[in-house]
Amino acid sequence: MGDPVATNILRSNALAYYAPEGEAVPDETTVAAGAAWGGNWARFGYTAAPLPLTLNEERGVVAVEEELMPIDQFGINLTPTLTTELAELTADYLALLFGGTVSTTAAGASQKGYEELGINPTGLITKYAFGFEGSYINADGDTEPVRVFAQRATFKINGDLVFSKKTDTYVRTPIMIQVLGGVATGSPLTFQRVTAEEAS
């Protein structure tokens, strides 16, 4: 809190990453803004829409006869979700949404290369780690990352895949990321803003 600081105002796109559940988050000191996160983190490709983080919170109230207003509140449910649209349509991205295994065949003599995904949901939904990164320029003029991490998350399709030559947009893959609780340690959802470079 305290006095306003103009460099705390953030205007940034978001680079989204996913990894197997349990993957360690990128180190705040050694992984610079815009750099690959390393480990098993894979970056989503191009996106065609912003990445809003929605925290749907439901609260209950404590109401008593002696007061007109509630005297307290308590949490009932918190549902964090993110949505965006992937600009690229690939079997790997569809596998994140529907499950299944992508098979690839390399091009060869009398054989075209192709990828294939059998879409046959089984009810078992794979959990992933998820995160995204923006960046800002701090008071020292350094570009620093702002990151949000989810330890456990699921992906699902969030609309239609529209194939049409009559629209002015290309085929997009709308997705929703649902952040889950039930983590062994730490917080299910973490916000991190790097504020300054390390001392030399």
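About the criteria used
- Residues numbered from 1 in each chain as written.
- Predicted model: local features only at pLDDT ≥ 70, side-chain atom pairs only at ≥ 80, totals over all residues.
- Heavy atoms only, no water.
- Phe/Tyr/Trp six-rings, centres within 6.5 Å; stacked < 30°, edge-to-face > 60°.
- Buried < 20%, exposed > 50% of the residue type's maximum accessible area, 1.4 Å probe, protein only.
- Lys NZ or Arg CZ within 6 Å of the ring centre and 35° of its normal.
- Patch = residues over 30% accessible without salt bridge, like charges linked within 9 Å, V, L, I, M, F, W, Y side chains within 5 Å.
- Areas by Shrake-Rupley, 256 points an atom, 1.4 Å probe, with all protein chains shown as cover.
- Salt bridge = Lys/Arg side-chain N within 4 Å of Asp/Glu carboxyl O.
- Helix = DSSP H or I, 4+ residues; strand = E, 2+ residues; numbered from the N terminus.
- Core = buried A, V, L, I, M, F, W, Y, C linked by side-chain atoms within 4.5 Å.
- Contact = heavy atoms within 4.5 Å.

1. Some points on the packing of aromatic side chains
Thought 1: This structure, assessed with the given rule, holds 11 aromatic pairs.
Thought 2: Their ring planes at 80° and their centres at 5.1 Å tell us that W37 and W41 sit as a pair that is edge-to-face. Of the two residues examined, W37 and W41, each falls in the buried class.
Thought 3: Across the ring face of Y170, the terminal group of R172 is positioned such that the distance to the ring centre comes to 5.3 Å.

2. Here we look at a nonpolar patch on the surface
Thought 1: A cluster of nonpolar side chains, contributed by V62, V64, I71, F74 and I76, occupies part of the molecular surface with about 400 Å² of accessible area.
Thought 2: When you line up the elements, I71 lands in the loop between β3 (53–62) and β4 (72–86).

3. With respect to the nonpolar core
Thought 1: Of all hydrophobic cores here, the largest spans 23 residues; its most connected members are F44, L82, L96, F130, F132, F155 and I177.
Thought 2: For this core, the secondary-structure elements that each account for two or more residues are β1 (15–20), β4, α1 (91–98), β7 (128–137), β8 (143–157) and β9 (173–179).
Thought 3: Those residues in contact with F155 that sit more than four places away from it in its chain are Y18, F44, L96, L97, Y128, F130, M176 and I177.
Thought 4: Listed in part, the eight residues of the second largest apolar core include L15, Y17, W37 and A129.

4. Focus on the pattern of salt bridges
Thought 1: Scanning all chains against the criterion turns up four salt bridges.
Thought 2: The partner of E21 in a salt bridge is R152, and the shortest N-O contact between them spans 2.8 Å. Of the two residues, E21 is situated in the loop between β1 and β2 (42–43) and R152 in strand β8; the sequence distance between them amounts to 131 residues.
Thought 3: Residue R147 is joined to E133 by a salt bridge in which the shortest nitrogen-to-oxygen separation is 2.7 Å. Taken as a pair, R147 in strand β8 and E133 in strand β7 lie far apart in primary sequence, 14 residues in all. In this pair, the class of R147 matches that of E133, namely buried.

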